[in-house]
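Here are the chains, one letter per residue:
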Amino acid sequence: MRIILYTGKGGVGKTSVAASTAVQSAAQGLKTLVVSTDPAHSLGDSLDRQLSSEPIEIEKNLWAQEIDTIHEVEKGWGKIQQYMTTLLTSKAVKDITTEELTVFPGMEDLLSLLRILQYYKEKTFDVVIIDCAPTGETLALLSFPDIFRWWMEKLFPIKKKMLKVARPVIGPLTGIPMPSDSVMDELDNVYYQLDEMRQIIADRETTSIRIVVNPEKMVIKEAQRSFTYLNIYDFNVDAIVVNRVIPDSVTDPYFKAWKDAHARYKEMIQDSFSPLPIYYAPLFDQEVVGIDMLKRMGREMFSDNDNPIEIKTNLRTQQVVKDGAEYIFSIYLPFTEKKDLSLNQKFDELIIKVGNVKRIITLPRTLQSLTVKGAEFVEETLKIRFGS
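Residues numbered from 1 in each chain as written. Predicted model: local features only at pLDDT ≥ 70, side-chain atom pairs only at ≥ 80, totals over all residues. Heavy atoms only, no water.

Section: the sheet that holds strand β11 (residues 341-346)
Here we have three strands laid out as an open sheet, ordered β11-β12-β13, and antiparallel in their pairing. The sheet is open, and its two edges are formed by β11 and β13 (357-362), each paired on a single side. The mean angle between the axes of side-by-side strands here comes to 15°, regardless of whether they run parallel or antiparallel. Sheet topology places β11 next to strand β12 (residues 349-354); six bridges connect them, and they run antiparallel. Bridging from a neighbouring strand, K346 pairs with E349 of β12. (Pairing = 2+ DSSP bridges. Helix = DSSP H or I, 4+ residues; strand = E, 2+ residues; numbered from the N terminus. Axes fitted to C-alpha atoms, helices over the stretch in contact; angles between N-to-C directions.)

Given below as structure tokens:
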């Protein structure tokens, strides 16, 4: 199954781009699902159809879905949901509903990933196109499996052992119910599912990410930062889509300043993201709503001989090479300045910080017994030297 994620700054039109790609994919005879993981859904508005928390067939080979956190909790959390309800009501909190149980940070990310994993394992669709939330939320979505994995590996085994000892004592003393073995087993199952999803997201032959931008300075700057952060996680960004470009056919003098600005920013985008493929969608003469307009947008972005769902490029952003008795671990970090980088090693983990984003990388087995001997930042690449 092919998975494509569209992300970008809020308001750049990524929903229209995602939906138009899905329409093009379905037209090729591929069973295609376009799904929104953004809590502020607009996919139904783009398709001009009322969507639900389950896939709805829009036309031949095309389905659409807006993931609903409340629905997903009711459908799939079972024992964990029951335990959380019991826990909260045990302290005399009344009228606890499913809505209150979905406010925990990361819940939307977790549920979205689990639903996509279900489609992947069941081979329900040939192509799943994801209309992601704005950039910050997308980074949280994609990094969630790594973060959850770290907590589970560090704390979960300890908590399971402690609960077996503490459950008979703490429960009666405090009046707070302790999670049962079945609850902990279900949480364990969630962990393994997220680990599966992490592998699927990182699989460059299956998943790629496309960044949608407008020809505007603030939008381009955010796209550059997003590209850097996605490289830290070694995800495959295979294309850039520039949306709402004023066409050359517009000759009204009113738009001259805008056209000149767009020309400058198109050049800036080319310089920033080359050699990534760059696709363009014009500013249309009417709102991009409904299947007909989405088809028109898809034709503008992708030519007749250009398959919209193929992997457009596959640039490796991390690699390990042997250099004598040492190894060099290289990480491509475009649009980064040396002063914004920090690096630490803790046992088998490498902690990299770029600005206010931190990534904990579990080192490849080859490097786990070695220590960092030095690092340099050359040609937008962080090169870390490991030795014994």
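Considering the confidence of the model for the chain
Of the residues in the chain, 81% have a pLDDT of 70 or more, and the chain-wide mean is 84. Low pLDDT, under 50, characterises residues 98-103; the predicted model gives this stretch 17 contacts beyond four residues in sequence or across chains. (pLDDT = per-residue confidence, 0-100. Contact = heavy atoms within 4.5 Å.)

Brief notes about the nonpolar core
If you look at the biggest cluster of nonpolar residues, it comprises 100 residues, and the most contacted ones within it are Y6, V34, L47, I240 and F329. Ignoring any residue separated from it by four or fewer positions in sequence, one finds Y6 in contact with K14, V17, A18, T21, I129, I130, D131, C132, R210, V212, V241 and F302. (Core = buried A, V, L, I, M, F, W, Y, C linked by side-chain atoms within 4.5 Å. Buried < 20%, exposed > 50% of the residue type's maximum accessible area, 1.4 Å probe, protein only.)

Things to note about the pattern of salt bridges
Throughout the structure, instances matching the rule amount to 16 salt bridges. The partner of K9 in a salt bridge is E222, and the shortest N-O contact between them spans 3.4 Å. Taken together, the positions of K9 in the loop between β1 (2-7) and α1 (14-27) and E222 in helix α8 (residues 217-232) put the pair 213 residues apart, joining distant regions of the chain. Residue K9 is classed as partly exposed on the basis of its relative accessible area of 27%. (Salt bridge = Lys/Arg side-chain N within 4 Å of Asp/Glu carboxyl O.)

With respect to a nonpolar patch on the surface
A cluster of nonpolar side chains, contributed by Y254, F255 and W258, occupies part of the molecular surface with about 370 Å² of accessible area. Note on placement: Y254 falls in the loop between β7 (237-245) and α9 (256-273). (Patch = residues over 30% accessible without salt bridge, like charges linked within 9 Å, V, L, I, M, F, W, Y side chains within 5 Å. Areas by Shrake-Rupley, 256 points an atom, 1.4 Å probe, with all protein chains shown as cover.)

Let's talk about empty space enclosed by the protein
Once rolled over the atoms, a probe with the size of a water molecule shows which space is left empty. A complete count under the given rule lists two cavities of 30 Å³ or more for this structure. Considered class by class, the residues forming the lining of the largest cavity number six nonpolar, three polar and no charged. Empty space within the second largest cavity amounts to approximately 30 Å³. Going through the elements one at a time, β6 (207-213) and α8 are the ones with two or more residues in the lining of the second largest cavity. For the lining of the second largest cavity, the element with the most residues is α8, which contributes four residues. When its residues are assigned to classes, the lining of the second largest cavity shows four nonpolar, three polar and two charged. (1 Å grid on protein atoms, 1.4 Å probe; cavity = no way out; pocket = protein on both sides within 12 Å on 5 of 7 lines; lining within 4 Å. Points joined across faces, edges and corners; volume = space filled by probe spheres on them. Nonpolar A, V, L, I, M, F, W, Y, C, P; charged D, E, K, R; others polar.)

A look at unusual backbone geometry
A cis geometry characterises the amide bond from S274 onward to P275, with omega recorded as 15°. For N61, which is not glycine, the phi dihedral falls at a positive 70°. The topology assignment puts N61 in the loop between β3 (56-59) and β4 (62-66). Accessibility expressed as a relative area gives 18% for N61, which makes it buried. Phi angles above zero are rare outside glycine, and F335 is one such case at about 65°.

A closer look at the side chain of D234
Position of D234 among the secondary structure elements: in the loop between α8 and β7. Judged by relative accessible area, D234 falls into the buried class, the value being 15%. Beyond its immediate sequence surroundings of up to four residues, D234 is in contact with R204, R316, T317 and Q318.

A short note on the packing of α8 against α9
The relative placement of two packed helices comes down to the angle between their axes together with the axis-to-axis distance. Taken N-terminus to C-terminus, the directions of α8 and α9 make an angle of 10°; their axes are 11 Å apart at the nearest point. Relative to α9, the element α8 is oriented roughly parallel. Contacts between α8 and α9 involve K217, I220, K221, A223, Q224 and F227 on the former and, on the latter, Y265, M268, I269, S272 and F273. Considering only residue class, the contact of α8 with α9 consists of seven nonpolar, two polar and two charged. (Parallel < 35°, antiparallel > 145°, perpendicular 65-115°, else oblique.)

Considerations on the environment of V34
Along the polypeptide, V34 turns up in strand β2 (residues 32-36). With relative accessibility at 1%, the residue V34 sits in the buried group. In this structure V34 touches A18, A19, A22, L43, L47, L62, W63, A64, Q65 and I129, once residues within four positions along its chain are discounted.

Description of the packing of aromatic side chains
Tallied over the full model, the rule gives eight aromatic pairs. On the numbers, 6.2 Å between centres and 50° between planes, the contact of F227 with F335 is tilted. Note that F227 is positioned in helix α8 and F335 in the loop between β10 (326-332) and β11, a separation of 108 residues in sequence. Judged by its relative accessible area of 5%, F227 is buried. F335 gets classed as partly exposed once you look at its relative accessible area, which sits at 29%. Their ring planes at 85° and their centres at 5.2 Å tell us that Y254 and F255 sit as a pair that is edge-to-face. Judged by relative accessible area, which is 63%, Y254 ranks as exposed. (Phe/Tyr/Trp six-rings, centres within 6.5 Å; stacked < 30°, edge-to-face > 60°.)

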